[in-house]
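# Coordinate inspection notes
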Amino acid sequence: MLKSSFDWTIVTHGKYLDWLVSGFQLTMKLSVVAIVLSFMLGLLIAVMRMSHVKPVRWFAHAYLEFFRNTPLLVQLFFWYFGSYKILPHAVNDWMNQPHAGWNFEFAAAVIALTIYTSAFIAEDIRSGVLSIPKEQMEAARSSGFSYLRSMQFIILPQAVRLTVPPLINQFLNNAKNSSLAMTIGVAELTYQARQIESATFKGFEAFTAATVIYVILSFVITGLMTLYDRKVLSPLKGR
């Protein structure tokens, strides 16, 4: 039996390297857009979850329970196949228009990743808020601040600062979860590795290269988290 040899040149130069670079760039674009949107949405849901208005609090609780307990892959398919029946026609038309690095598949992936990740971010932020002494809220309210103003200027800035490490973990999870976007045709890193395997029958080399890129990305994000904890959080904890 002939023993096949590895050929790493397919992922170190030529068009296949360009495919990997293109896939990595799209992975980063997808991840960054989704994490920014999911942070803003998660912040809103966290505030709603702690609201004293029961219908608002119930809606936020239902949102968290539903999206945290639904597989991301199902949500990707849901938005990819069902957006026409849920979103306004104007939004669907805009999603189908060609943009710079933005097409319908990309938009559906952004929506799914944003909603899915925001549910976890909301819980991280809520945990940060609960770690703030309740006397600060009482002092703010006694000084004439409304509940929303107290949250905006006093509680949330502290809570977000304390929850940056778990938020960075959510960015890491978001980057890894973006690989599922290949199932709806988004040409991110995993998709491009699959394309290389289909063109060259060198699946081991292609997916090893993709794995190394994901690992490097994970180390970079973890390093940033550690640096933030050492330079920012540790001095605050020592006070």
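Described in the following lines is the structure provided in the data block. Note that this is a predicted model, so its numbers are computed, not measured.

## A few points about the overall build of the chain
Scanning the chain for helices and strands turns up 10 helices and 0 strands. Along the chain direction, N to C, the helices and strands of the chain fall in the order α-α-α-α-α-α-α-α-α-α. Along the first, second and third principal axes, the C-alpha atoms of the chain reach 80 × 50 × 35 Å. Of all 239 residues assigned to the chain, the portion counted as buried reaches 41%.

## Notes on the nonpolar core
Formed by 51 residues in total, the largest nonpolar core has its most connected members in Leu30, Ile45, Tyr63, Ala109, Val129, Met151 and Val186. Elements supplying a minimum of two residues to this core: helix 1 (15-49), helix 2 (54-68), helix 3 (72-86), helix 5 (104-130), helix 7 (147-162), helix 8 (164-177) and helix 10 (203-237). At 15 residues, the largest contribution of residues to this core is made by helix 5. In contact with Val186, not counting residues within four places along its chain, are Leu26, Leu30, Glu105, Phe106, Ala109, Ala181 and Tyr191. In this structure, Tyr16, Ala193, Ala209 and Ala210 belong to the second largest nonpolar core, which totals 11 residues.

## Observations regarding helix 5
End to end, helix 5 covers 39 Å across 27 residues, agreeing with the expected 39 Å (1.5 Å per residue, within 8%). At Ser118, helix 5 shows its largest bend, some 25°. The element helix 5 is extensively covered by neighbouring structure, given that 21 of its 27 residues are classed as buried.

## Some remarks on the layout of surface pockets
As a volume, the largest pocket reaches approximately 260 Å³. Lining the largest pocket are 14 residues, and of these Met50, Val129, Leu130, Met137 and Met151 lie nearest its centre. Put simply, the parts of the chain that give the lining of the largest pocket at least two residues each are helix 5, helix 6 (134-142) and helix 7. Of the residues that constitute the lining of the largest pocket, the class distribution is 9 nonpolar, 1 polar and 4 charged. One number sums up the size of the second largest pocket: a volume of about 160 Å³. Looking at the second largest pocket, the residues that line it are Leu37, Trp79, Leu87, Val91, Trp94, Met95, Trp102, Ala107, Val110, Ile111 and Ile115. Of all the secondary structure elements, the ones that give two or more residues to the lining of the second largest pocket are helix 4 (89-96) and helix 5. Broken down by element, the lining of the second largest pocket gets its largest block of residues, 4 residues, from helix 5. Among the residues making up the lining of the second largest pocket, the classes are represented as 11 nonpolar, no polar and no charged.

## A few points about the environment of Arg194
Looking at where Arg194 falls in the secondary structure, it is placed in helix 9 (residues 189-200). Here the alpha-carbon distance between Arg194 and Phe207, two residues 13 residues apart in the chain, equals 7.6 Å.

## Section: the side chain of Thr200
Its location among the elements puts Thr200 in helix 9. At a separation of 2.7 Å, a polar atom in the side chain of Thr200 contacts the main-chain carbonyl oxygen of Ile196. At 3.2 Å, the side chain of Thr200 and the backbone nitrogen of Lys202 are in polar contact. Aside from chain neighbours lying at most four places away, what touches Thr200 is Ile10 and Tyr16.

## With respect to the packing of aromatic side chains
Under the counting rule described, the total for this entry stands at 11 aromatic pairs. Between Tyr63 and Phe67, the aromatic rings sit 4.8 Å apart at their centres with planes inclined by 55°, giving tilted as the arrangement. Of this pair, Tyr63 and Phe67 both sit in helix 2, 4 residues apart, roughly one helical turn. A single burial state applies to Tyr63 and to Phe67, both of which are buried.

## Details of the pattern of salt bridges
Tallying each qualifying case throughout the model produces 3 salt bridges. Linking Glu123 and Arg68 is a salt bridge whose minimum nitrogen-to-oxygen distance equals 3.7 Å. With Glu123 in helix 5 and Arg68 in helix 2, this residue pair connects regions lying 55 residues apart in the sequence. A residue is classified by how much of its surface remains accessible, and Glu123, at 16% relative accessible area, is buried. Note that Glu123 is salt-bridged to Arg126, the shortest N-O span being 3.0 Å. Of this pair, Glu123 and Arg126 are both found in helix 5, 3 residues apart, which corresponds to roughly one turn of the helix. Members of the salt-bridge network, linked through shared partners, are Arg68, Glu123 and Arg126.

Procedures and definitions
- Just so you know, the residues in each chain are numbered from 1, in the order the chain's sequence is written.
- With pLDDT at 70 or above as the cut-off, local features in this predicted model cover only qualifying residues; side-chain atom pairs require 80 or more to be listed or tallied, and sums for whole chains, interfaces and linings still use all residues.
- Neither water nor hydrogens contribute to the side-chain values; these are computed over all heavy atoms in the structure.
- Helix and strand assignments come from DSSP, with helices taken as H or I runs of at least 4 residues and strands as E runs of at least 2, each series counted from the N terminus.
- Remark: exposure states derive from per-residue accessible area (1.4 Å probe, protein chains only) relative to the maximum for the residue type, with buried under 20%, exposed over 50%, and partly exposed in between.
- Nonpolar cores are built from buried Ala, Val, Leu, Ile, Met, Phe, Trp, Tyr and Cys residues. Side-chain atoms within 4.5 Å join them into one set.
- The contact criterion used is simple: two residues touch if any of their non-hydrogen atoms lie within 4.5 Å.
- Expected span, for any helix, means 1.5 Å times one less than how many residues it has.
- The seven residues ending at a residue and the seven starting there each receive a fitted axis; the angle between those axes is the bend at that residue.
- The rule is simple: put a 1 Å grid over the protein atoms alone, call a set of points where a 1.4 Å probe fits but cannot get out a cavity, call an open set with protein on both sides within 12 Å along at least five of seven lines a pocket, and count a residue as lining if it has an atom within 4 Å of a point.
- Grid points are joined across faces, edges and corners, and a volume is the space filled by probe spheres set on the points.
- Any residue outside Ala, Val, Leu, Ile, Met, Phe, Trp, Tyr, Cys, Pro, Asp, Glu, Lys and Arg is labelled polar, Gly included; the first ten of those are nonpolar and the last four are charged.
- Any pair of nitrogen or oxygen atoms within 3.5 Å is treated as a polar contact; in protein, a donor-acceptor pairing is required on top of that, and neighbouring residues in sequence qualify only through side-chain atoms on both sides.
- Any two of the Phe, Tyr and Trp rings considered here, Trp counted by its six-membered ring, make a pair once their centres fall within 6.5 Å; the pair's planes then place it as stacked at under 30 degrees, edge-to-face at over 60, or tilted in between.
- Here, a salt bridge means any side-chain nitrogen of Lys or Arg that lies within 4 Å of a carboxyl oxygen of Asp or Glu.

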